Amino acid sequence: MADPISEPLLSHLTDDSGVNDKTRSEALTFDKIVEQSLSDFGFWQFFQISLVGLALLFDAQQIFITVYTDAYPTWHCLNHTICDPSASDICKLPRSAWEWDGGSKGKSVISEFGLECSSSLLRGMPSSAFYIGAIVGGFFLALIPDDSLGRKKLVLFSTFAMSITSISVIFSTNVWIYTFLKFIIGFSRSQTWSYALVLISERVSTRWRPRATMIPFTLFVLGFMSLSGIAFLAQDSSWRYLYLYTSGPAVFYCIFLYLFALESPRWLHMQGKDKEAIDVLSKMSPKEKVYLESVVSKLPLEQENFEQVPTYSIKDFFFRKWAFRRILVVMIIMFGLGISYYGVPLAARDIDVNIYLSETLNAVVELPTFIITPILLERFNRRSSVLVNTLLGGASGVLCFVLSILGKTEIAFAFELGTFFCARIGFNLMAVFMVEMFPTCVRSSATMMFRQALVVGGACCPLIASIGRYIPSVSFAIFGIAMSGLGMFVLILPETKGLSLCDSMEEQEKRDQAVNTSHVC
């Protein structure tokens, strides 16, 4: 039985409105339908991308919220005869000799649960549980086949589960319940970024993909920035309100996402639901409605098409040599970028600069990358962009180390920002590159593994950054060497600039073979 996914869609279709013979003779595939209908970037496409991208705004707030809720609160003396805030150890003073600033112990998790004299392991347990949940959830959710629920439902379920669990945090009565809920939050949101990126990338044409994929990244940074404002306004309230103020709007967002977000037309096509896919394309591009209506009337029956749709899962990465090689190389590169992206801001304390200024500038420096990345993707090929960027980032990290040793603190800090800047651009470039390298049937699983490599790299950062306590700033050299060294693996990957997305593994193999043949010729 023929495979309808790998065969041209509507190969018998002719245009009744009168097209030239060349157009008639060409096989009309679903990919050509998508590229034609989404050739322009209109308001509805921007609306759909922004709507899905908002999931990353709320995701960013939950990632960084413990910076404020689990902070060590300030305190003051009540009995100055035995208490001196600048010299006294709070754990060696009687409880009647001091008080938390503001007179309330509920401003922080540490003060409310009485963790001020507990070990650093216990105080950091909620944050650690969150990241452990993210790692466990990432590996577990990667096993879910791409054809199980659909792109929209995965974004909706992950965001909704994260939001509801975050609201339930306000009912925590001890640190153990709070830690368990933080684990669930980390687990449920572990792949929100991957789900949103795949859904967005599959609803734009090849021309607009570099710019469209930068919108959710920008919203992620804005989520981090907005959290600072919310925390400032709620600084006199209980830490529980910060969870309520961030997760409450996220629940209402899920309602809007359910009502107005559209499914990926490519995923619908893979499920044999071509008419629904055409309907989605019509809503996203009203100007092409006439063209799409002429197509939908000649589509094959959905029942016949659906019965022949093959199923794919993460095991296809191991059974197909080219897929395994690609995902392995992608994960190696992302491990190096993850070490630099998460580690450089963490090691900034080794440079003699204001820590608050350095963290603020590291956040601000991300914004220009969302403008520069589309320019690189549109003007240069993928492999050379990633390679040159990682080499520059690596050199910047080594120079930061050398200048810091020489006492050139201000110049060293500038190179620290440069290293972080290159790490962020590398992450942006690889996100688009990875989406284009894998077909629709396994793209979601590939994106999850891409994300997990980044997280595992980030998990190694505290260990590397701690080396800087013994050899000042040497961690920057390690981050730079890791970024540039592992970045060179990009030369193994195929170039994808200007190529449209494939839907099945067979289609991807045929396209790759055709591209390789054309290069040889």
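The chain is annotated in an unreviewed UniProt entry as Major facilitator superfamily (MFS) profile domain-containing protein of Arabidopsis thaliana. Per UniProt, the chain has the following entry under Sequence similarities (unreviewed entry): "Belongs to the major facilitator (TC 2.A.1) superfamily. Organic cation transporter (TC 2.A.1.19) family."

Draft legend 1. View of the packing of aromatic side chains. All chains considered together, the criterion is met by 25 aromatic pairs. Clustering of aromatic rings is evident, with ring pairs tying together W193, F217, Y341, Y342, F370, F420, F427 and F450. Above the face of the Y258 ring, K152 is positioned so that its terminal group lies 5.5 Å from the ring centre. Taking the ring centre of F217 as reference, the NZ or CZ of R424 above it sits at 5.3 Å.

Draft legend 2. Structural context of helix α13 (residues 239-260). Here α13 contains 22 residues, and its C-alpha end-to-end distance of 33 Å stays within 8% of the 32 Å for a straight helix at 1.5 Å per residue. Those residues of α13 not exposed but buried are W239, R240, L242, Y243, T246, S247, G248, A250, V251, Y253, C254 and L257. For α13, the elements touching its buried residues are α3 (43-64), α4 (66-69), α5 (109-112), α8 (151-168), α9 (175-188) and α12 (214-233).

Draft legend 3. Main features of the pattern of salt bridges. The final tally for this structure, using the stated rule, is 14 salt bridges. Here R266 and E35 are joined by a salt bridge, their closest N and O atoms 3.9 Å apart. Placement of R266 in helix α14 (residues 265-270) and of E35 in helix α2 (residues 30-37) is noted, with a sequence separation of 231 residues between them. Taken individually, R266 and E35 each receive the classification buried, so the pair is uniform in this respect. Notably, a salt bridge pairs K283 with D279, separated by 3.5 Å at the nearest N-O pair. Taken together, the residues K283 and D279, both in helix α15 (residues 274-284) and four residues apart, mark about one turn of the helix.

Draft legend 4. Expanded view of the nonpolar core. Within the largest apolar cluster, 108 residues are counted, with the highest numbers of intra-cluster contacts made by M334, M430, F450 and L493. If you tally residues by element for this core, the top one is helix α23 (residues 409-437), at 16 residues. Of the residues that make up this core, three or more belong to each of domain 1 (29-77 + 90-303) and domain 2 (316-515). Leave out the neighbours within four places in its chain, and M334 touches F427, M430, F450, A453 and L454. By size, the runner-up hydrophobic cluster in this structure holds 14 residues, among which are F30, L38, W267 and M284.

Draft legend 5. Structural detail: a nonpolar patch on the surface. A cluster of nonpolar side chains, F252, I255, F256, Y258, L259 and F260, forms an exposed patch at the surface whose accessible area comes to about 690 Å². If you trace the backbone, L259 turns up in helix α13.

Draft legend 6. Spatial organisation of the confidence of the model for the chain. Mean pLDDT over the chain works out to 81, with 85% of the residues at or above the 70 mark. Within the model, the stretch residues 1-26 combines pLDDT values under 50 with 45 contacts to residues more than four positions away or in other chains. A low-confidence stretch, residues 303-307 stays under pLDDT 50, and its non-local contacts, those more than four residues away or across chains, total five contacts.

Draft legend 7. Inspection of the side chain of R209 at higher detail. Relative to the helices and strands, R209 is located in helix α11 (residues 209-212). We classify R209 as buried; its relative accessible area is 0%.

Draft legend 8. Representation of the packing of helix α7 (residues 125-141) against helix α24 (residues 440-459) in the model. At a minimum axis separation of 10 Å, α7 and α24 run at an interaxial angle of 155°. Considering the angle they form, α7 stands roughly antiparallel to α24. In terms of crossing hand, the pair formed by α7 and α24 is left-handed. Across the interface between the two elements, A134, I135, G138, F139 and L141 from α7 touch M448, Q452, V455 and A459 from α24. Here the residues of the contact of α7 with α24 are counted per class, giving seven nonpolar, two polar and no charged.

Draft legend 9. The arrangement of the packing of α3 against α12 in detail. Packing of α3 against α12 leaves a shortest axis separation of 7 Å and a crossing angle of 45°. One finds that α3 runs oblique with respect to α12. Pair α3 / α12 crosses with right-handed handedness. Along the contact surface, α3 presents F46, I49, S50, G53, L54, L56, L57, D59, A60, Q61, I63 and F64, while α12 presents I215, P216, F217, L219, F220, G223, F224, S226, L227 and I230. Considering only residue class, the contact of α3 with α12 consists of 16 nonpolar, five polar and one charged.

Draft legend 10. How the structure looks around the environment of F224. Inspection of the secondary structure assignment puts F224 in helix α12. Owing to a relative accessible area of 24%, F224 belongs among the partly exposed residues under this scheme. Each C-alpha atom of the pair F224 and D59 lies 9.0 Å from the other, and the pair is 165 residues apart in sequence. Excluding anything up to four places from it in sequence, F224 contacts A60, F64 and A363.

What counts, and at which threshold
- Residues numbered from 1 in each chain as written.
- Predicted model: local features only at pLDDT ≥ 70, side-chain atom pairs only at ≥ 80, totals over all residues.
- Heavy atoms only, no water.
- UniProt positions renumbered as here; feature names shortened; annotations may be inferred.
- Phe/Tyr/Trp six-rings, centres within 6.5 Å; stacked < 30°, edge-to-face > 60°.
- Lys NZ or Arg CZ within 6 Å of the ring centre and 35° of its normal.
- Helix = DSSP H or I, 4+ residues; strand = E, 2+ residues; numbered from the N terminus.
- Expected span 1.5 Å × (residues − 1).
- Buried < 20%, exposed > 50% of the residue type's maximum accessible area, 1.4 Å probe, protein only.
- Contact = heavy atoms within 4.5 Å.
- Salt bridge = Lys/Arg side-chain N within 4 Å of Asp/Glu carboxyl O.
- Core = buried A, V, L, I, M, F, W, Y, C linked by side-chain atoms within 4.5 Å.
- Domains from an automatic or database assignment.
- Patch = residues over 30% accessible without salt bridge, like charges linked within 9 Å, V, L, I, M, F, W, Y side chains within 5 Å.
- Areas by Shrake-Rupley, 256 points an atom, 1.4 Å probe, with all protein chains shown as cover.
- pLDDT = per-residue confidence, 0-100.
- Axes fitted to C-alpha atoms, helices over the stretch in contact; angles between N-to-C directions.
- Parallel < 35°, antiparallel > 145°, perpendicular 65-115°, else oblique.
- Left-handed = near helix turned anticlockwise from the far one by under 90°.
- Nonpolar A, V, L, I, M, F, W, Y, C, P; charged D, E, K, R; others polar.

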